[in-house]
Amino acid sequence: MIERATLTRNILIGMAGGLLLGSLIHAIDLADTNPIMVYGVNGLFDIGGKAFVASLKLLVVPLVFVSLVCGASNLSDGSSLGRIGIKTVGLYLFTTAIAITLALTVANIVDPGMGMALTTDAVFVAKESPPLKEVIVAIVPTNPVKAMAEGNMLQVIVFAILVGVAIAKSGSSGQRVRETLNDWNDIIMRMIMMLMAIAPIGVFCLMLALFSNMGFSAITDLIRYFLTVAGVLVLHFLLTYAMMVRFVANLNPIVFYRNFYPVMAYAFSTSSSNATLPVTLETVERRLGVKNEVASFTVPLGATINMDGTAIMQGVATVFIAQAYNIDISMTGYLMVVLTATLASIGTAGVPGVGLITLALVLQQVGLPVEGIALIIGVDRLLDMMRTAVNVCGDAAVATIVAKSEGKFDESVFYKDETLSPTT
Ligand code: ASP
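Residues numbered from 1 in each chain as written. Predicted model: local features only at pLDDT ≥ 70, side-chain atom pairs only at ≥ 80, totals over all residues. Heavy atoms only, no water.

## Description of the pattern of salt bridges
Using the criterion set out here, one finds seven salt bridges in the structure. As a salt-bridge pair, aspartate 380 and arginine 387 come within 2.9 Å of each other at their nearest N and O atoms. Here aspartate 380 and arginine 387 have matching classes, each one buried. A salt bridge links aspartate 384 to arginine 387; its shortest N-O distance comes to 3.5 Å. With aspartate 384 and arginine 387 both in helix α17 (residues 373-406) and three residues apart, the pair spans about one turn of that helix. For the pair aspartate 384 and arginine 387, a shared accessibility class is recorded, and that class is buried. (Salt bridge = Lys/Arg side-chain N within 4 Å of Asp/Glu carboxyl O. Buried < 20%, exposed > 50% of the residue type's maximum accessible area, 1.4 Å probe, protein only. Helix = DSSP H or I, 4+ residues; strand = E, 2+ residues; numbered from the N terminus.)

## What about the site of the ligand?
Taken together, 14 residues sit near the ligand, with Ser273, Thr310, Gly355, Asp384 and Arg387 positioned nearest. Bound to the protein, the ligand loses 100% of the 270 Å² it would expose on its own. Of all the elements in the fold, those that place two or more residues in the shell around the ligand are α16 (354-365) and α17. In terms of residues, the shell around the ligand owes the most to one element, α17, which gives four residues. Classifying every residue of the shell around the ligand gives three nonpolar, nine polar and two charged. (Near = heavy atom within 4 Å. Areas by Shrake-Rupley, 256 points an atom, 1.4 Å probe, with all protein chains shown as cover. Nonpolar A, V, L, I, M, F, W, Y, C, P; charged D, E, K, R; others polar.)

## What to know about unusual backbone geometry
In the Ramachandran plot, aspartate 111 falls in the positive-phi region, its phi being about 50° despite a non-glycine side chain. For aspartate 111, the position within the fold is in the loop between α3 (78-110) and α4 (132-137). Not every positive phi belongs to a glycine, and asparagine 250 is a case in point at roughly 55°. Classification of asparagine 250 by relative accessible area gives partly exposed; the value is 43%.

## Side note on the confidence of the model for the protein
Across the protein, the average pLDDT comes to 87, with 91% of residues at or above 70. Highest mean pLDDT in the protein belongs to helix α10 (residues 223-248) (96); lowest belongs to α4 (71). Every residue in residues 122-127 is under pLDDT 50, and counting partners more than four places away or in other chains gives six contacts. (pLDDT = per-residue confidence, 0-100. Contact = heavy atoms within 4.5 Å.)

## Regarding the packing of helix α2 (residues 35-74) against helix α7 (residues 171-197)
Two elements in contact, α2 and α7, have axes separated by 9 Å at closest approach and are oriented at 150°. The angle between α2 and α7 places the two elements in the roughly antiparallel class. Note on packing geometry: the crossing formed by α2 with α7 is left-handed. Facing Phe52, Ser55, Leu56, Leu59, Pro62, Leu63, Val66, Ser67, Val69, Cys70, Ser73 and Asn74 of α2, the residues of α7 in contact are Arg178, Leu181, Asn182, Trp184, Asn185, Ile188, Met189, Met191, Ile192 and Leu195. Class assignment of the residues belonging to the contact of α2 with α7 gives a composition of 15 nonpolar, six polar and one charged. (Axes fitted to C-alpha atoms, helices over the stretch in contact; angles between N-to-C directions. Parallel < 35°, antiparallel > 145°, perpendicular 65-115°, else oblique. Left-handed = near helix turned anticlockwise from the far one by under 90°.)

## A short note on the nonpolar core
Ranked by size, the top nonpolar core spans 128 residues in total, and within it Tyr225, Phe256, Phe260, Val284 and Leu359 carry the most contacts. Ranked by residue count, the leading element in this core is α17, at 17 residues. Sequence-distant contacts of valine 284, defined by excluding residues within four places in its chain, comprise Phe260, Gly289, Val290, Ala295, Val299, Ala396 and Ala399. (Core = buried A, V, L, I, M, F, W, Y, C linked by side-chain atoms within 4.5 Å.)

## Points about the environment of aspartate 384
Under the relative-accessibility criterion, aspartate 384 is labelled buried at 5%. The residues contacting aspartate 384, other than those within four sequence positions of it, are Ser271, Pro352 and Gly353.

## Considerations on the side chain of serine 269
Relative to the helices and strands, serine 269 resides in helix α11 (residues 253-270). When near neighbours in sequence (up to four residues on either side) are disregarded, serine 269 contacts Met15, Val203, Leu206 and Met207.

## Quick word on α17
Here α17 is 34 residues long, yet its end C-alpha atoms lie only 42 Å apart, well below the 50 Å a rise of 1.5 Å per residue gives. The largest bend in α17 is about 65°, located at valine 379. One or two positions beyond α17, positive phi appears at glycine 407, with a value near 70°. (Expected span 1.5 Å × (residues − 1). Bend = angle between axes of the 7 residues up to and from the residue.)

## A closer look at helix α14 (residues 308-324)
Taking 1.5 Å of rise per residue, 17 residues should cover 24 Å, and α14 covers 24 Å from first to last C-alpha, within 8% of that figure. Among the 17 residues of α14, 17 are classified as buried, and the element is accordingly described as predominantly covered. Downstream of α14 by a residue or two, asparagine 326 has a phi angle that is positive, lying close to 60°.

## Quick look at the packing of α10 against α11
Think of two packed helices as two axes; the pair is described by the angle between the axes and how far apart they sit. Running from N to C, α10 and α11 cross one another at 125°; their axes reach a closest spacing of 10 Å. Of the possible angle classes, the one that applies to α10 and α11 is oblique. In terms of crossing hand, the pair formed by α10 and α11 is right-handed. Note on element contacts: α11 touches α10 through Pro253, Phe256, Tyr257 and Met264, opposite Phe237, Leu238, Tyr241, Ala242, Val245 and Arg246.

And the structure:
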């Protein structure tokens, strides 16, 4: 097995190499019919990138199921499961609310859309969002096989918890199944490590194919919007998570970042917290020291319901669109934005570009023209990559805090390669 530090270095090299070469190809502006584009960029490298993402996704459902059944069955009493659930969901909602508040505050200082003075008379027929009642009922699966086949994470999570709890209550038969599943968990973890070994090539292909085709001209037009979103993402990443890890979990944030940052390279290249999930889970357990009982629940749930980076984009985009159309949002409007953006992330899977879809919901809620989304679409691909990296980091931070507070945390794993003490 290739050493972890070497692997991380290779992934970063693959990422930077793909980005540079891709940007170069884009700058040369080859015709779409040029053989380099046909057989290289949109052929070989596109296939390589897509196959890599597919192989990551392939592990998501078996991993979430097996890992969560093991986790839930190892938590012998139901009350700790409930407590972990409440803490996790509470922290996810809390960090998302902070993220969006930060975004609204900074956007109101920077004024990214000032002076664009667009008017709208286009009529937009909004798609009805499903009533809350339906959303809640839909969390319970009617057919677990269908839920798995469709990759409906919330339903898979509910089913896995039920199976896990039943195993814990089933005495010696439960014990036998638990042992088998623990073995399966090890096997799936091994598969993740095997996949990680080819990640440098996968990441290189993804970045090359993407950046060869991506235009940057939109960024210059929307530079204030772009920099505001990017700035708040960095702020939330460096400030909110560091403070939480330091003051709530009482751990060294630098060690946290150092152990976790390779996962962000996967998130950045795939733009999907779901596809990154296998790597996030492996790292949270084996590098951050979160025990499986907590990680198996918090991380998959986070990939589905916790999207701080997405909420940041939505906050800045709302202010940007309001300013571009010269529409005033009242204080209640802003509160609505916080509430809707926080809730909108629940139930939407972490896949590329989903943030723009839920943005429509947020805009409607405060009476802004949904067609304003067209203004920011040009730079969203790159921002999607950045916010996905923040999304997965938020999941890991919450998992760490919950595990620490529950005594399900291994500090010797967290500080394994470190000379830094817990308080430096
Ligand atoms: N791509 C993001 C994720 O997977 C979601 C989004 O903001 O579009 O976390």
